[in-house]
Amino acid sequence: MSGPPQQPADNGAILWEAGADRRAAANLTRFIAEAQRRHGPGIDDYPALYDWSIREPAAFWRLLWDFCGVIGEPGDGPWLADPTAMPGARWFPRARLNFAENLLHYDDDQLAIIARCERDQDSETRYTYRELRRAVAQTAAALSAAGVTAGDRVAGYLPNIPEALIAMLATASLGAIWSSCSPDFGTDGVCDRFGQIEPKVLFIAGAYCYAGKRYSYLNRVREVLQRIPAIEKVVVIPYLADELALDDFGKAVAWNDFLPADPPPLTFARLPFDHPLYILYSSGTTGAPKCIVHGAGGTLLQHLKELILHTDIKRRDRLFYFTTCGWMMWNWLASGLATGATVVLYDGSPFFPRARRLFDFADEVGITVFGTSAKSIAAWQKAGVEPKVTHRLDKLHTILSTGSPLLPEQFDYVYGKIKQDVCLSSISGGTDIVSCFALGNPLLPVRRGELQCRGLGMKVEIRDDQGRVVSGQCGELTCALPFPSMPVGFWNDPGGAKYRAAYFERYPGIWSQGDFAELTPAGGVIIYGRSDATLNPGGIRIGTAEIYRQVEDIEEVIDSVCVGQDIGGDQRVILFVRLRDGLTLDDSLIDTLRRRIRTNTTPRHVPALILQVADIPRTLSGKVSELAVRDVIHGRTVRNIHSLANPEALDLFRERSELQ
């Protein structure tokens with residue numbers, strides 16, 4: 001069993017700072033100098049730049065357009081129309097641009113994409129920027145021949161492979177709208193999403209792989225076609241398929257047969273700033289997934305800001321994020337092409353055939369910016385992976401983490417066991433904005449347990465139960481000014497009622513993200529988890545992440561989920577833990593867990609019950625589904641079980657005698 005709790009390092013302690021050379025070479029340093037030149041000498045450091053960006057948002061985003069070299073016509077102003085309307089403000093209302101044109105503005109022999117699959121780890125697919133442009137030209141010509149025009153929907157039910165990026169860029173070049181799911185989505189999950197938007201063309205692969213196994217999903221596609229008759233054509237990429245039997249498939253054509261051999265030159269439809277680019281989906285744990293429509297201009301500007309300024313991406317970088325096509329980080333990674341850097345793709349399990357596989361990959365490919373999830377970092381820590389000892393990682397300068405709060409102990413693990421001289425940027429945002437509210441920063445120190453800063457142009461404020469802006473205490477994460485990557489709206493929501501209810505109902509005129517967070521004295525941000533899953537024992541609000549950060553440091557615990565159970569007019573905290581194979585939850589381990597939580601948080605945080613389960617339900621994007629567990633233990637129907645990757649795990653929580 002674990003020993004007594006160890007005294008943790010101080011939260012907020014500085015773990016890393018950039019050296020003088022790195023600070024001088026940072027894109028953000030050049031941007032500050034340009035802001036000074038154009039807008040006044042007082043903008044001389046990041047805090048001053050941030051203050052200016054929210055005081056003069058139109059000027060900030062216009063400067064960003066020029067600094068990042070956006071291709072298109074910004075128009076003659078105003079850069080922000082109806083600035084006090086939220087929602088309703090309009091960015092660059094006279095602008096014309098094309099998203100794909102900005103991602104493909106390089107046409108040379110530098111590598112644009114490096115892609116590898118777990119099934120064949122000794123070979124990889126590579127595209128130069130020139131080769132990528134030609135592949136997009138072929139695909140765009142084929143889509144146009146298939147009748148796809150601006151505003152039509154094109155969908156990908158695909159692994160994380162280069163063809164997914166190519167199909168997306170071809171779609172965007174025409175002004176059509178791209179939407180994607182990963183191939184581990186079940187039929188209902190796909191139909192719940194694509195059925196609402198009715199795509200004209202669907203891209204699929206012959207198969208996908210995960211953890212050493214190959215999976216065919218063609219039977220699922222056949223059912224999808226029966227349930228979504230709007231799909232006119234299915235393009236089948238021969239990925240991991242020995243042969244493709246398409247004769248009985250209907251509407252299907254092989255990728256190579258779909259593409260013309262000699263396409264016309266690639267052209268780009270320049271459209272308004274808010275022209276729809278992507279449709280992304282909410283997790284769907286509280287009902288049918290919301291179809292969130294994102295505009296081309298807002299997505300482009302926001303991603304350029306985050307990649308070039310906050311992540312300090314340059315052409316020489318090799319940018320990797322472990323993601324699937326069903327997570328918004330795939331869209332974020334794709335925008336890395338706009339920087340001229342090399343985008344690195346990996347398809348399969350990050351832990352196959354060994355836990356350190358992605359660190360092997362980082363060395364083999366020369367990854368400089370390595371993106372992952374907090375869940376993966378915790379898993380490496382549990383598995384005893386020590387890349388600092390076993391790997392070079394000599395090119396790596398930045399590690400990104402998102403998906404759930406990164407616990408203070410995981411900061412310690414990164415610097416103690418992965419690499420010491422690295423900027424660890426925990427970032428937080430959401431599918432709702434296809435970007436981030438809080439980000440990394442090459443000019444600021446990394447502090448234990450904190451996200452480094454609020455994003456430029458994002459007036460992030462923390463509000464208490466009365467709606468008052470607070471600092472140094474937990475509250476609702478809100479944004480009090482419009483920003484370009486706010487959704488254009490929801491699909492099939494003509495009056496915007498669903499959109500307004502989702503983000504503006506609690507604080508009229510102010511965006512509410514639904515996260516429980518804290519603004520620190522140093523200007524950093526702590527994320528405590530979803531506010532709709534916040535615990536409330538005795539009327540005291542508690543973020544579940546405060547408990548997870550204590551529990552997941554216990555060696556015996558692999559995973560956990562914490563929920564509130566309503567009982568006797570109050571709420572009690574229930575903690576479910578998944579233990580290492582062969583272990584049983586006993587009084588000694590329960591006592592260890594309780595003492596750790598009590599010592600490092602408050603007595604209010606100590607669970608009333610700690611129970612063992614064999615599995616924890618997670619969404620298809622890998623997030624613990626606290627809301628689904630909470631519904632089950634209260635005997636309520638889980639409204640969209642198709643959003644879960646392992647819905648069978650919910651049976652482990654039903655009618656537990658301990659909860660009666």
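Residues numbered from 1 in each chain as written. Predicted model: local features only at pLDDT ≥ 70, side-chain atom pairs only at ≥ 80, totals over all residues. Heavy atoms only, no water.

(A) How the structure looks around the overall build of the protein chain. Scanning the protein chain from N- to C-terminus turns up 20 helices and 35 strands. For the protein chain, the proportion of its 660 residues judged to be buried stands at 61%. Charged side chains in the protein chain number 70 positive and 78 negative. The centres of these two groups are separated by 2 Å. (Helix = DSSP H or I, 4+ residues; strand = E, 2+ residues; numbered from the N terminus. Buried < 20%, exposed > 50% of the residue type's maximum accessible area, 1.4 Å probe, protein only. Lys, Arg positive; Asp, Glu negative; His and termini not counted. Charge placed at Lys NZ, Arg CZ, Asp CG, Glu CD.)

(B) Looking closely at the sheet that holds strand β19 (residues 342-347). Read from one edge of the open sheet, seven strands run β7-β6-β19-β18-β20-β21-β22, paired in mixed fashion. On the outer flanks of this sheet lie β7 (120-128) and β22 (423-426), each paired with one strand and no other. Pairs of neighbouring strands in the sheet enclose a mean axial angle of 20 degrees, with direction left out of account. (Pairing = 2+ DSSP bridges. Axes fitted to C-alpha atoms, helices over the stretch in contact; angles between N-to-C directions.)

(C) Representation of unusual backbone geometry within the structure. Cis geometry is found at the peptide bond from glycine 77 to proline 78, where omega equals 0 degrees. Among the structural elements, proline 78 can be located in the loop between β2 (72-73) and β3 (80-81). Cis geometry marks the peptide bond from methionine 86 to proline 87, where omega comes out at 5 degrees. Position of proline 87 relative to the elements: it lies in the loop between β3 and β4 (90-91). Even without a glycine there, the phi angle at asparagine 492 is positive, about 55 degrees. Among the secondary structure elements, asparagine 492 is positioned in the loop between β30 (489-490) and α17 (497-503). Taking relative accessible area as the criterion, asparagine 492 reaches 53% and is therefore assigned exposed.

(D) The packing of aromatic side chains, seen in detail. In the structure shown here, the tally under the stated rule is 37 aromatic pairs. With 5.8 Å between their ring centres and 70 degrees between their planes, phenylalanine 99 and tyrosine 278 make a pair best called edge-to-face. With phenylalanine 99 in helix α5 (residues 99-103) and tyrosine 278 in strand β16 (residues 276-281), the pair connects residues that are 179 residues apart, well separated along the chain. Residue classification places phenylalanine 99 among the buried residues on the basis of a relative accessible area of 1%. Seen in terms of ring centroids, phenylalanine 203 and tryptophan 255 are 6.1 Å apart; in terms of plane orientation they differ by 65 degrees. Their pairing is edge-to-face. (Phe/Tyr/Trp six-rings, centres within 6.5 Å; stacked < 30°, edge-to-face > 60°.)

(E) Inspection of the pattern of salt bridges at higher detail. For the coordinates displayed, the defined rule picks out 37 salt bridges. The salt bridge partner of lysine 417 is glutamate 386, with a shortest N-O separation of 3.8 Å. A residue pair is termed long-range when its members are at least 10 positions apart, and lysine 417 in helix α16 (residues 408-418) and glutamate 386 in the loop between α14 (374-383) and α15 (387-390) qualify at 31 residues. Taking the relative accessible area as the measure of exposure, lysine 417 reaches 33% and is therefore partly exposed. Between glutamate 409 and arginine 448 there is a salt bridge, with the nearest N and O atoms lying 3.9 Å from each other. Highlighted residues: glutamate 409 in helix α16 and arginine 448 in the loop between β25 (446-447) and β26 (453-454), separated in sequence by 39 residues. (Salt bridge = Lys/Arg side-chain N within 4 Å of Asp/Glu carboxyl O.)

(F) Fine view of the pairing of strand β10 (residues 201-205). Most of β10 is tucked away: five of the five residues are buried. The alternating pattern of β10 places Val201, Phe203 and Ala205 on one face and Leu202 and Ile204 on the opposite face, and all of these are buried. In terms of strand pairing, β10 meets strand β13 (residues 233-237) through five bridges, oriented parallel. Across the sheet, residue leucine 202 finds its bridge partner in β13, namely valine 234.

(G) Here's a closer look at the pairing of strand β32 (residues 525-530). In terms of burial, β32 is largely enclosed, as five of its six residues are buried. Across five bridges, the pairing between strand β31 (residues 511-519) and β32 is antiparallel. When the bridges of β32 are listed, leucine 519 appears paired with valine 525. With antiparallel pairing between neighbouring strands as the criterion, β31 and β32 make up a hairpin whose turn holds five residues, including glycine 523 at a positive phi of roughly 90 degrees.

(H) Highlighting the confidence of the model for the protein chain. Mean pLDDT over the protein chain: 93, with 97% of residues reaching 70 or higher. In this model, residues 1-8 is a region of pLDDT below 50 whose contacts with residues beyond four sequence positions or in other chains number 16 contacts. (pLDDT = per-residue confidence, 0-100. Contact = heavy atoms within 4.5 Å.)

(I) Representation of helix α20 (residues 626-633) in the model. Counting buried positions along α20 yields seven of eight residues, so the element is predominantly enclosed. When α20 is considered as a whole, its buried residues turn out to be Glu626, Leu627, Ala628, Val629, Asp631, Val632 and Ile633. Buried residues along α20 sit against α18 (544-551), β33 (557-567) and β34 (570-579).

(J) Expanded view of the sheet that holds strand β24 (residues 435-439). Reading across from one edge, β23-β24-β26 is the order of the three strands in this open sheet, with antiparallel pairing throughout. Here the strands that pair on one side only, and so sit at the sheet edges, are β23 (428-430) and β26. Examined bridge by bridge, β24 and β26 share two bridges and lie antiparallel to one another. Bridge pairing in β26 links leucine 439 to cysteine 453. Packing of helix α11 (residues 296-310) onto the sheet brings it into contact with β24 and β26, and relative to β24 it is tilted by some 35 degrees.

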